[in-house]
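Analysis of the macromolecular model
Residues per chain are reported as follows:
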Amino acid sequence: MEKTDKLHYIKVACSACLMVAASMGLCFYCAGVFYQPVAEGLSISIGQASACTTIMLICMALTTVFVPYLLRKVKLETLLWIGTILAAGSVLCISFCFNQYFMYFFSIPMGIGAAMIGMVPATTMINNWFEKKKSWTTSIVLAASAFSAAIFSPMMSAAVSALGWRMGLVIQAVLILILMGPALYWRCSLHPAAVGHVPYGQEEVSHERQKTPKAILVSFALIAVFSAALIGLPMHFSTLATSMGQNTLAGAVALSWCMIGNFVFKLLGGFLSDKLKPVLSSGILDVIALVATAGILISILTSSAGGLVILAFFFGSVFALNELSLPLLVSNRMHRKYYATVYALLNFVSTLTTALAIMTVGFIYDRTANYIWIYVIAVVEEVIIALLIWYLIHNEKVDDLVTNEKTRSFVAKLRADRIKRANAREEKAARRKEQQAQAANGKTDAKADAKTEPSSNPSSAQDGSDAVFKSQMALIDAQPDFAQDKKGAAPAQSPKMEADITGDLASETTGKTDLATEKTDASSATAAPDAPTTPTAPVSFSSAVKPDVQGDSDSPKADEKPPVKATSVKQPDSFDFTSDQQLDQQAESILPDFDPGTSELED
């Protein structure tokens, strides 16, 4: 890019700075210097004196709505000439007024002229001429209003103290003409294409914008309203200082430091907006303003004006919050073609709110004679702004919150490190789970091996089953005798009789078929009618499972005694088990799956 082209962009930026300094810095920011002297000179209240600024701001707000239309129909140079004449001429006429009504009348053209040379044409020109470094350039342009107020406010305060408020207004009109001189001389165009140029940095940055939701536009409007209400407070710093026991010069110094803070925080906001998104820089500015407002409220409650100057400096961030954040937020979310219309509407709402706030603050002070409730309301407004900005931050995508390439690369590096640490933690947890799973599988395999090891050898399994069966039979034989009949207990049977019965069983086992047939006979014998109720002696398990053996035998025994017969042996009415059938079921549960033969029963 050639030096002549760069010089043209510099002229555009300087022209915008001078336009904002003349309209906002002199016509609005320095108005607070005249409230107290005008009220004393015309014998009116502070509220009536501040009504001039209110009327001026209302007319400025109404004219702002039509400025985009005028910019399309009239050349920028012509519009600037008309605005300069109206603004400077109205201030000069106010200096000759002898009552408040004439002051109110001349405040109308003053507001119209300030709108024609004010925020909307200046920011629209910057938005058209700059694509790269737009946030930084906008912050410099808007900081010019604070810079001019910081310089000229003490100057006019001293002129009012030395020469009176009328000469102070004359000096203000002359300064408006001086500031607008270079902008009128350079004849800058509103669009770069009209003079054969392109927006600065357009080839490097894409300016495509998505459709903005209505909720976002409503949030912008609410931020404009609440932040504009805060701008009216510094206009009463002179009265605030006198209410705290200071003179009007202390209030003018506080206003000057507030304008210095305005200048500093606008530059800071533009710098942060280049590194981050404007929504983040707006949040930082709101937090600073909230702390400063709370500090001023504490100073009023304690009647201590020692830190008023420092707090006024930080309170200057409310100007950056309203005048810088709004155009940056709109340009960030809206297409260039619609910027002038949308921002004009927001500026109208903002300016109208500021006008009403200045007058309202004056009347509240006249009624209460203090600023306590005024600053309480200001704290609440800043909290609401913080909530709105929080909503806008959550509405933005995380990657869209960073605009600068270096800052984006730094954020990407931090994000990569965080992802790397998260992956390492996940891998460590996965290895730990895998080790635990392997340990659990090892225990399960060991248990399975322990269970399958005895059944691996059939002979050993059979031997184990036989041993279990023998142990269970021995345990049953070792149990006490079966329960006796309820009518009385029978005498014990002689050993000889038990031996005879055992011998008979041994001689007849060869004629038996299998164990199942014997169990069936035992069940049928149990179901038969009871024998004579003669009490019987206890018998062993072998006699219980083979009933009526003596009756089935064909060969009589030689040593069998006549009184004792096999048929006379009565089955016991009840055992430890409920029935003989349950005894059979218990024996079957003890027996192995395979048939070990009848040798075990015979033994």
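Residues numbered from 1 in each chain as written. Predicted model: local features only at pLDDT ≥ 70, side-chain atom pairs only at ≥ 80, totals over all residues. Heavy atoms only, no water.

**Description of the overall build of the chain**
- A count of helices and strands for the chain gives 24 helices and zero strands.
- The buried share among the 603 residues of the chain stands at 44%.
- Within the chain, counting contacts between residues at least 6 apart in sequence, those at least 24 apart form 85% of the total.
- Counting only carbon and sulfur atoms, one obtains 62% of the accessible surface of the chain, whose full area is about 30,900 Å². (Helix = DSSP H or I, 4+ residues; strand = E, 2+ residues; numbered from the N terminus. Buried < 20%, exposed > 50% of the residue type's maximum accessible area, 1.4 Å probe, protein only. Contact = heavy atoms within 4.5 Å. Areas by Shrake-Rupley, 256 points an atom, 1.4 Å probe, with all protein chains shown as cover.)

**A look at the nonpolar core**
- The biggest cluster of nonpolar side chains holds 130 residues, and the ones touching the most others in it are Phe-28, Met-125, Phe-237, Leu-240 and Tyr-375.
- In contact with Tyr-375, other than residues within four places in its own chain, are Leu-233, Phe-237, Leu-240, Thr-293, Ile-296, Leu-297 and Ile-300. (Core = buried A, V, L, I, M, F, W, Y, C linked by side-chain atoms within 4.5 Å.)

**Quick notes on the confidence of the model for the chain**
- The predicted model of the chain has a mean per-residue pLDDT of 75, with 68% of residues at 70 or higher.
- Segment residues 594-603 is flagged for pLDDT under 50; beyond a separation of four residues in sequence, or across chains, it makes eight contacts in the model. (pLDDT = per-residue confidence, 0-100.)

**Focus: unusual backbone geometry**
- The phi dihedral of Lys-133 is positive, around 60°, even though this residue is not glycine.
- Positionally, Lys-133 belongs in the loop between α6 (119-129) and α7 (134-163).

**Some remarks on the side chain of Ser-325**
- Mapped onto the elements, Ser-325 comes out in helix α14 (residues 317-333).
- Of the residues examined, Ser-325 reaches a relative accessible area of 3% and is grouped as buried.
- Among all residues touching Ser-325, those that are not within four sequence positions of it are Ser-282, Leu-285 and Ala-320.

**Concerning the environment of Asn-347**
- Positionally, Asn-347 belongs in helix α15 (residues 336-368).
- Residues Asn-347 and Asn-322, spaced 25 residues apart in sequence, show a C-alpha to C-alpha distance of 9.3 Å.
- When near neighbours in sequence (up to four residues on either side) are disregarded, Asn-347 contacts Thr-64, Met-119 and Val-120.

**What about helix α8 (residues 165-186)?**
- In this model, α8 (22 residues) spans 33 Å end to end at C-alpha, consistent with the 32 Å of a helix rising 1.5 Å per residue.
- At Met-180, α8 is deflected by roughly 35°, the largest bend along its length, and proline Pro-182 occurs up to four residues later in sequence.
- Among all positions in α8, only Trp-165, Gly-168, Leu-169, Gln-172, Ala-173, Leu-175, Ile-176, Leu-179, Met-180, Ala-183 and Leu-184 are buried.
- Count one or two residues on from α8 and you reach Arg-187, which has phi positive near 55°. (Expected span 1.5 Å × (residues − 1). Bend = angle between axes of the 7 residues up to and from the residue.)

**Section: helix α4 (residues 76-94)**
- Counted at 1.5 Å a residue, the expected span for α4 with its 19 residues is 27 Å, and the 27 Å between its end C-alpha atoms agrees.
- If you check which residues of α4 are buried, you get Leu-76, Leu-79, Leu-80, Gly-83, Thr-84, Ala-87, Ala-88, Ser-90, Val-91 and Ile-94. One face of α4 carries all of its buried residues, which in axial projection span an arc of 160°. (Arc of directions from axis to C-beta.)

**Description of the pattern of salt bridges**
- Inspection of the entire model under this criterion finds two salt bridges.
- The partner of Glu-77 in a salt bridge is Arg-187, and the shortest N-O contact between them spans 3.1 Å. In this pair, Glu-77 is assigned in helix α4 and Arg-187 in the loop between α8 and α9 (214-231), connecting sequence segments 110 residues apart.
- Two residues, Lys-266 and Glu-323, come together in a salt bridge whose shortest N-O distance is 2.4 Å. With Lys-266 in helix α11 (residues 248-275) and Glu-323 in helix α14, this residue pair connects regions lying 57 residues apart in the sequence. (Salt bridge = Lys/Arg side-chain N within 4 Å of Asp/Glu carboxyl O.)

**Some points on the side chain of Ser-219**
- As for its position among the elements, Ser-219 is in helix α9.
- Once residues lying within four places of it in the same chain are set aside, the contact partners of Ser-219 are Leu-388, Tyr-391 and Leu-392.

**Quick notes on the packing of aromatic side chains**
- Overall, the coordinates contain 14 aromatic pairs when judged by the stated rule.
- Between Phe-313 and Phe-314, the ring centres sit 5.2 Å apart and the planes meet at 80°, which makes this aromatic pair edge-to-face.
- The class of Phe-313 is buried, set by a relative accessible area of 17%.
- Classification of Phe-314 as partly exposed rests on a relative accessible area of 35%.
- Judged by centre distance (4.6 Å) and plane angle (20°), the ring pair of Tyr-365 and Tyr-371 falls under stacked. Neither residue differs from the other here; Tyr-365 and Tyr-371 are each classed as buried.
- In this structure an aromatic cluster arises from ring pairing among Tyr-9, Trp-129, Phe-130 and Tyr-200. (Phe/Tyr/Trp six-rings, centres within 6.5 Å; stacked < 30°, edge-to-face > 60°.)

**Quick look at empty space enclosed by the protein**
- All chains considered together, the criterion is met by eight cavities of 30 Å³ or more.
- For the largest cavity, the calculated volume is near 220 Å³.
- What lines the largest cavity is a set of 16 residues, among which Ala-31, Phe-34, Cys-52, Thr-53 and Leu-169 lie closest to the centre.
- For the lining of the largest cavity, the secondary-structure elements that each account for two or more residues are α2 (35-42), α3 (46-73), α4, α5 (100-116) and α8.
- The element best represented in the lining of the largest cavity is α3, accounting for four residues.
- The class makeup of the residues in the lining of the largest cavity is 13 nonpolar, three polar and no charged. (1 Å grid on protein atoms, 1.4 Å probe; cavity = no way out; pocket = protein on both sides within 12 Å on 5 of 7 lines; lining within 4 Å. Points joined across faces, edges and corners; volume = space filled by probe spheres on them. Nonpolar A, V, L, I, M, F, W, Y, C, P; charged D, E, K, R; others polar.)

**Here we look at a nonpolar patch on the surface**
- There is a patch of nonpolar side chains on the surface, built from Leu-249, Val-253, Trp-257, Ile-260 and Val-264 and spanning about 390 Å² of accessible area.
- By secondary structure assignment, the location of Leu-249 is in helix α11. (Patch = residues over 30% accessible without salt bridge, like charges linked within 9 Å, V, L, I, M, F, W, Y side chains within 5 Å.)

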